[in-house]
Amino acid sequence: MLKNTFFYIIGIVFLMLAKIKNHLKGYASRSFNVSEVDKCIEYDINIVENWLSHLQKYTHDANYLAGKHVLELGPGDDLGIGLYLLSKGCSQYDACDVHDLMQYTPDSFYEQFFEKLAAINNQADIGFLKAQFIAAKQGNSSKLNYKVSHDFNLVSAFGEASVDLVFSQAAFECFDDIETTVSQLNVVCKSGAILLAEIDLQSHSRGIRDWDPNYIHRYPRWVYNLFWFRGIPNRLRPYQYKEAFERAGWTDISIVPLKKLDDLDKSYAGVYKDFADHKNQMDYLSIMFCARKG
Ligand SMILES: C[S@@+](CC[C@H](N)C(=O)[O-])C[C@H]1O[C@@H](n2cnc3c(N)ncnc32)[C@H](O)[C@@H]1O
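Residues numbered from 1 in each chain as written. Predicted model: local features only at pLDDT ≥ 70, side-chain atom pairs only at ≥ 80, totals over all residues. Heavy atoms only, no water.

(A) Quick look at the nonpolar core. By size, the foremost hydrophobic cluster in this structure holds 41 residues, and its most contacted members are Leu85, Tyr93 and Phe167. Ranked by residue count, the leading element in this core is helix α2 (residues 37-59), at 10 residues. The residues touching Tyr93, leaving out its near neighbours within four places in the chain, are Val70, Glu72, Pro75, Leu79, Ile81, Gly82, Leu85, Leu86, Lys143, Leu144 and Asn145. With 33 residues, the next largest nonpolar core counts Cys96, Tyr241, Phe245 and Ile253 among its residues. (Core = buried A, V, L, I, M, F, W, Y, C linked by side-chain atoms within 4.5 Å. Buried < 20%, exposed > 50% of the residue type's maximum accessible area, 1.4 Å probe, protein only. Helix = DSSP H or I, 4+ residues; strand = E, 2+ residues; numbered from the N terminus. Contact = heavy atoms within 4.5 Å.)

So, in structure tokens, the structure goes:
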């Protein structure tokens, strides 16, 4: 009881700090800086490899990406993921974000990225990838297509029925309105399109994340909303994503826990009553969510 009261108060401090930081510095996506180039490159490559490994399990096809039109939601700081996906054989990479985080990434990052790609894949057509990058930067037509849409309007950004595969990493938990996003995915995706999204369900604040991963779930909505800013976790639970996609006609939904709390009782300790029912799966800290458009 005393421990929960302590964490409740500490949590308020962290919510306040997150809001102040966002107000002063704007939205920050990663825990490390874009100047840590090797780390960023490794991060991008690992994300894609992880997606592809889950995609293979989901589709039972090791080469599913080949020739596919990909859309990434919330790509964050750089186009490394897009370049890597193109090097792996997708036909088109589109990406959409509400924050223009890529503007801070220097060209030197991409020079190192191309060097790394050439080193790990001697089949990669670096000339082609560089041409796509330059075209994208100049605002010309490119297989690497990054759009910033402050209202996150996927339909006006990408049109109708073109996308085969949707990927997303640690972004769904930031979306303002999951129903609207799913209904827009219904328009931009082809029938049978597949979505793979890693969703980070726990607190984003680094100082408290390891101590009290579910602290954002301790508060009633009105308290949590006092600290709202665009990009704060929306606190949706796995079943709510599932229901939103099912309502929009998506099928074959798979939810794989990637990070879990071992102690089930501890994962529910001190959570607000809205999250107390076991359908909330509070022991799930991050998941891979997969679905197929019907
Ligand atoms: C935690 S970052 C992850 C970025 C990147 N995928 C990565 O793994 O580094 C969350 C991403 O979601 C985007 N985002 C934040 N709030 C959003 C919102 N309300 N709607 C859509 N995207 C949002 C951010 O701009 C950012 O790209």
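Having seen the model, we can carry on.
(B) Here's a closer look at empty space enclosed by the protein. Within the structure shown, the criterion is met by one cavity of 30 Å³ or more. Looking at the largest cavity, its volume works out to about 40 Å³. If you trace the largest cavity, you find it lined by Glu173, Ile199, Asp200, Leu201, Ile216, Pro233, Asn234, Arg235, Leu236 and Tyr241. The residue inventory of the lining of the largest cavity, partitioned by class, reads six nonpolar, one polar and three charged. (1 Å grid on protein atoms, 1.4 Å probe; cavity = no way out; pocket = protein on both sides within 12 Å on 5 of 7 lines; lining within 4 Å. Points joined across faces, edges and corners; volume = space filled by probe spheres on them. Nonpolar A, V, L, I, M, F, W, Y, C, P; charged D, E, K, R; others polar.)

(C) Representation of the packing of aromatic side chains. Summed over the entire model, instances satisfying the criterion amount to 14 aromatic pairs. With a centroid separation of 5.9 Å and 35° between ring planes, the pair formed by Phe109 and Phe113 is classed as tilted. On the criterion of helical spacing, the pair formed by Phe109 and Phe113 is a turn pair, its members being four residues apart in helix α4 (residues 107-120). Phe109 gets classed as buried once you look at its relative accessible area, which sits at 0%. Through successive ring pairs, a cluster of aromatic residues spans Phe152, Phe172, Phe175, Tyr241, Phe245, Trp250 and Phe289. Residue placement shows Lys68 over the ring face of Tyr64; its charged tip is 4.2 Å from the ring centre. A cation over a ring is seen here: Arg235 above Tyr224, with NZ or CZ 4.2 Å from the ring centre. (Phe/Tyr/Trp six-rings, centres within 6.5 Å; stacked < 30°, edge-to-face > 60°. Lys NZ or Arg CZ within 6 Å of the ring centre and 35° of its normal.)

(D) Here's a closer look at the packing of helix α7 (residues 178-188) against helix α10 (residues 238-247). Contact geometry of α7 with α10 gives a least axis separation of 9 Å together with a crossing angle of 40°. As summarised for this structure, α7 and α10 are arranged oblique, according to the angle between their axes. Handedness of the α7/α10 crossing: right-handed. Across from Ile178, Glu179, Val182 and Leu185 in α7, the residues of α10 making contact are Tyr241, Ala244, Phe245 and Arg247. When grouped by side-chain class, the residues that make up the contact of α7 with α10 number six nonpolar, no polar and two charged. (Axes fitted to C-alpha atoms, helices over the stretch in contact; angles between N-to-C directions. Parallel < 35°, antiparallel > 145°, perpendicular 65-115°, else oblique. Left-handed = near helix turned anticlockwise from the far one by under 90°.)

(E) Structural detail: the site of the ligand. Close to the ligand lie 21 residues, the nearest being Tyr43, Gly74, Asp97, Gln169 and Asp176. Separating an oxygen atom of the ligand from a side-chain N or O atom of His99 is a distance of 3.0 Å. Expressed as a share of its isolated accessible area of 590 Å², the protein-covered part of the ligand is 97%. Of the residues that constitute the shell around the ligand, the class distribution is 11 nonpolar, six polar and four charged. (Near = heavy atom within 4 Å. Polar contact = N/O pair within 3.5 Å; in protein donor to acceptor, adjacent residues only side chain to side chain. Areas by Shrake-Rupley, 256 points an atom, 1.4 Å probe, with all protein chains shown as cover.)

(F) Seen up close, the pairing of strand β1 (residues 69-73). Here β1 lies mainly inside the structure; five of its five residues are buried. Side chains His69, Leu71 and Leu73 of β1 all project onto a buried face; the interleaved residues Val70 and Glu72 project onto the opposite face, where all are buried too. Here β1 runs beside strand β2 (residues 92-97); their pairing, made up of five bridges, is parallel. What sits directly across from Glu72, in β2, is Ala95. Once you follow β1 into helix α3 (residues 80-87) and on to β2, the crossover reads as right-handed. Sheet topology note: the β1/strand β4 (residues 163-169) ladder contains four bridges and is parallel. Each residue of the ladder has a partner; that of Leu73, found in β4, is Ser168. (Pairing = 2+ DSSP bridges. Right-handed = clockwise from strand over helix to strand, strands pointing away.)

(G) Broad picture of the pattern of salt bridges. Counting across every chain of the model gives 11 salt bridges. Between Asp176 and Arg230 there is a salt bridge, and its shortest N-O distance comes to 2.8 Å. Here Arg230 lies in the loop between α9 (221-226) and α10 and Asp176 lies in the loop between β4 and α7, a separation of 54 residues in the sequence. A salt bridge links Lys260 to Asp283; its shortest N-O distance comes to 3.8 Å. On the criterion of sequence distance, the pair formed by Lys260 in strand β6 (residues 250-260) and Asp283 in the loop between α11 (264-268) and β7 (284-293) is long-range, its members being 23 residues apart. Look at Asp283 and you get buried, because its relative accessible area is 10%. (Salt bridge = Lys/Arg side-chain N within 4 Å of Asp/Glu carboxyl O.)

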